[in-house]
Amino acid sequence: MEILSNYPLKNLNTFGIAAYAKEYVSVTSVEELKLVLKENQGKKLFILGGGSNMLLTQDIDALVIHINLKGIEVVAENNGMAQVKAMAGENWHGFVQYCIHHNYGGIENLSLIPGNVGTTPIQNIGAYGTEIKDTMKQCEALHIATQEIRTFTNTECEFAYRESIFKSELKGQYIIVSVTFGLTTANHKINTAYGDITAQLSAQGITTPTIKDVSEAVTAIRQSKLPHPKELGNSGSFFKNPIIPKAQYEALHEKHPDMPHYVVSESEVKVPAGWLIEQSGFKGSRFGDAGVHTRQALVIVNYGNATGQELVNLSKKIQQTVFENYGIAIEAEVNIV
């Protein structure tokens, strides 16, 4: 467990940004993690998972601790349910595929989302009508200051849209080391409410889909819209879908009758950020090596040698234009470092 100096991070972030860590260490067990924290008290720390939800704009003047904890365990299985625990360093899509293979249902709609298991509760990742909060039973997290393990229940995580207690009240205080999910082993609740999934299944002639069918449909949809990070640097969706007052949406809908929306509550609706960005003329645009993907306007991409700051500047230009056009502020989903 060696601490390395001036360590390159280009291959450890999905944008492929060339940046360096002042110091770097990879930990493969909770014991190693505790030891690193204990021996480096007082140092500035940067916790690195799958590198999929961050945009580096500079070198990291800190000790980068790379969480590489591996392992999947079925904790309990009865009454049509299974509790499946995955360590934080497991690749998220790999974990989804493990669950599909063993007939554990509930996270199939989250197929092919980049990143590792440990960061999924922080962001409350979601796609196609499903979020982490729907299946997560609990997560174990290590308190950085004391090196003590605390178990957080679903409720204690205070989940909201792309939010959790780990992004607010407890930000920077804990490192998630494992996540346990409550998944179905029978009578799966198949969620095909999103039109893209229905269309994909219909095209294959599937009328009674299995969890594997749904996973494959979601994977196909994402592959058709999103570039693979190893081929084109990106972190998936760059922006959150904005939630606006119903009255504001109705006023905008009069001017833009084709504006899509999803009802959140009696007083709020969600508007797809990708639609706003595309209508603002950014889809497929390119500014040097910084650009917006040709097939999905939500995705900002690095065509090779863009700096993090160039990608940030593009994101700000998009935000400003969308606000000028629609009076809607769209927020970055990606953490800008």
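Before any of the text, the structure's been laid out above.
Every chain is numbered independently, its residues counted from 1 as its sequence is written. Only residues with pLDDT of at least 70 are given local features in this predicted model, and only at 80 or more are side-chain atom pairs given and counted; all residues enter the totals for whole chains, interfaces and linings. To get the side-chain values, take all heavy atoms of the structure and skip hydrogens and water.

1. Some remarks on the overall build of the protein chain
Moving on, step 1. Per the convention used, a helix needs a DSSP run of H or I reaching at least four residues, while a strand needs a run of E reaching at least two, with both numbered from the N terminus. Looking only at helices and strands, the protein chain features eight helices and 19 strands.
Moving on, step 2. Throughout, the radius of gyration refers to the C-alpha atoms, and the reference size of a globule is 2.2 Å times the residue count to the power 0.38. Scaling as 2.2 N^0.38, a compact globule of 337 residues should have a C-alpha radius of gyration of about 20 Å, and the protein chain matches this with 20 Å.
Moving on, step 3. Counting only C-alpha atoms and orienting by the principal axes, one finds that the protein chain spans roughly 60 × 55 × 35 Å.
Moving on, step 4. Counting across all 337 residues of the protein chain, residues that qualify as buried make up 49%.
Moving on, step 5. Here, residues are in contact when the closest pair of their heavy atoms is within 4.5 Å. In the protein chain, the share of contacts with a sequence separation of at least 24, taken over all contacts with a separation of at least 6, comes to 60%. Exposure categories follow from relative accessible area, calculated using a 1.4 Å probe and restricted to protein chains: below 20% of the type maximum is buried, above 50% is exposed, and the middle band is partly exposed.

2. Notes on the nonpolar core
Moving on, step 1. In terms of nonpolar packing, the biggest core is built from 42 residues, with Phe239, Leu276, Ile277, Ile318 and Ile330 touching the most fellow members.
Moving on, step 2. Only strand S2 (20-27), strand S3 (45-48), strand S4 (54-55), strand S5 (60-67), helix H6 (246-255), helix H7 (273-279), strand S17 (290-292) and helix H8 (308-326) provide two or more residues apiece to this core.
Moving on, step 3. Ranked by the residues each element gives to this core, the list is headed by H8, at six residues.
Moving on, step 4. Excluding residues within four positions of it along the chain, isoleucine 277 makes contact with Phe239, Phe282, Lys283, Ala297, Leu298, Ile318, Val322 and Ile330. Residues belong to one nonpolar core when they are buried, are Ala, Val, Leu, Ile, Met, Phe, Trp, Tyr or Cys, and are joined through side-chain atoms within 4.5 Å.

3. A word on the layout of surface pockets
Moving on, step 1. Its boundaries defined by the atoms lining it, the second largest pocket holds a volume of some 890 Å³.
Moving on, step 2. In terms of lining, the second largest pocket is formed by 38 residues, of which the most central are Thr14, Pro114, His228, Pro229 and Lys230.
Moving on, step 3. Residue type decides the class: Asp, Glu, Lys and Arg count as charged, Ala, Val, Leu, Ile, Met, Phe, Trp, Tyr, Cys and Pro as nonpolar, and the leftover types, Gly among them, as polar. For the lining of the second largest pocket, the residue count by class is ten nonpolar, 22 polar and six charged. The method works on a 1 Å grid over the protein atoms by themselves. A cavity is a set of points holding a 1.4 Å probe that cannot get out, a pocket is an open set with protein on both sides within 12 Å along at least five of seven lines, and residues with an atom within 4 Å of a point line them. Grid points are joined across faces, edges and corners, and a volume is the space filled by probe spheres set on the points.

4. With respect to the pattern of salt bridges
Moving on, step 1. Salt bridge, as used here: a side-chain nitrogen of Lys or Arg that lies within 4 Å of a carboxyl oxygen of Asp or Glu. Applying the stated criterion across every chain, the model contains 14 salt bridges.
Moving on, step 2. With a closest N to O distance of 3.2 Å, glutamate 140 and lysine 85 form a salt bridge. Here lysine 85 lies in strand S7 (residues 81-87) and glutamate 140 lies in strand S10 (residues 136-143), a separation of 55 residues in the sequence.
Moving on, step 3. Exposure remark for glutamate 140: the relative accessible area of 21% places this residue in the partly exposed category.
Moving on, step 4. Among the ionic pairs, glutamate 131 bridges to arginine 162, the shortest N-O distance being 3.4 Å. Taken together, the residues glutamate 131 in strand S9 (residues 130-131) and arginine 162 in the loop between strand S11 (149-153) and strand S12 (174-184) connect sequence positions 31 residues apart. For the pair glutamate 131 and arginine 162, a shared accessibility class is recorded, and that class is buried.

5. Section: the environment of threonine 180
Moving on, step 1. Secondary-structure assignment places threonine 180 in strand S12.
Moving on, step 2. Classification of threonine 180 by relative accessible area gives buried; the value is 5%.
Moving on, step 3. Note: C-alpha distance between threonine 180 and valine 75 (105 residues apart in sequence) is 8.4 Å.
Moving on, step 4. Every residue in contact with threonine 180, bar those within four places of it in the chain, is listed here: Gln83, Val84, Lys85, Thr135, Met136, Lys137 and Gln138.

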